[in-house]
Amino acid sequence: DGMSAKKKRLYMKEMCSVIDLSDVILFVLDARDPMSCRAKLVENMVEQASRKKRLVFILNKIDLVPKNVVENWLTVLRRDYPTIAFRASTQQQRNKLGRAGQDSVALGAGNEASRS
């Protein structure tokens, strides 16, 4: 994959540090193929962190796929973590950035029953 063992160790050390210092980790996924964007290693690191951490998926670029595809991905992804849908075009979204919209879920909502 082109990354040396030393670079991988440095990357993992930095990733552990970021997770340790964070309360919430936002993981951006591309709506065109969100499963290829997921990193199970990072998800596992967050779940195994010594302090309780929150992982939230941001499903980005939802304006580039049909609405039914977005809805299906939200259903699938929310089985694992809270997921927020987000449009790539900030021109249309600029006035809505501070509010949870119809296609979003508030932090902490979602699948709490299955994660407790």
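In case you missed it, the structure is sitting above this.
All of the points below concern the structure found in this document.

Thresholds, definitions, all that
Just so you know, the residues in each chain are numbered from 1, in the order the chain's sequence is written. Owing to the predicted nature of the model, reporting of local features is limited to residues with pLDDT of at least 70; listing and counting of side-chain atom pairs is limited to 80 or more, with chain, interface and lining totals taken over all residues. Side-chain measures here rest on the full set of heavy atoms in the structure, leaving out hydrogens and waters. Side-chain rings of Phe, Tyr and Trp (the six-membered ring for Trp) are treated as a pair once their centres are within 6.5 Å; stacked means planes under 30 degrees apart, edge-to-face means over 60, and tilted covers the remaining angles. Each helix is a run of DSSP H or I of at least 4 residues and each strand a run of E of at least 2, with the numbering of both proceeding from the N terminus. Type-normalised accessible area, obtained with a 1.4 Å probe on protein chains alone, sets the label of each residue: buried when under 20%, exposed when over 50%, and partly exposed for intermediate values.

For the coordinates displayed, the defined rule picks out 2 aromatic pairs. On the basis of an interplanar angle of 85 degrees and a centroid distance of 6.0 Å, the ring pair of phenylalanine 27 and phenylalanine 57 is categorised as edge-to-face. Of this pair, phenylalanine 27 sits in strand S1 (residues 24-30) while phenylalanine 57 sits in strand S2 (residues 54-60); the two residues are 30 residues apart in sequence, bridging distant segments of the chain. We note that phenylalanine 27, like phenylalanine 57, is buried. Taking 5.2 Å as the distance between ring centres and 80 degrees as the angle between the ring planes, the aromatic pair formed by phenylalanine 57 and tyrosine 81 counts as edge-to-face. Taken together, the positions of phenylalanine 57 in strand S2 and tyrosine 81 in the loop between helix H4 (67-77) and strand S3 (83-85) put the pair 24 residues apart, joining distant regions of the chain. Here the two residues phenylalanine 57 and tyrosine 81 agree in accessibility, since each one is buried.

That's the geometry; what it means functionally is another story.
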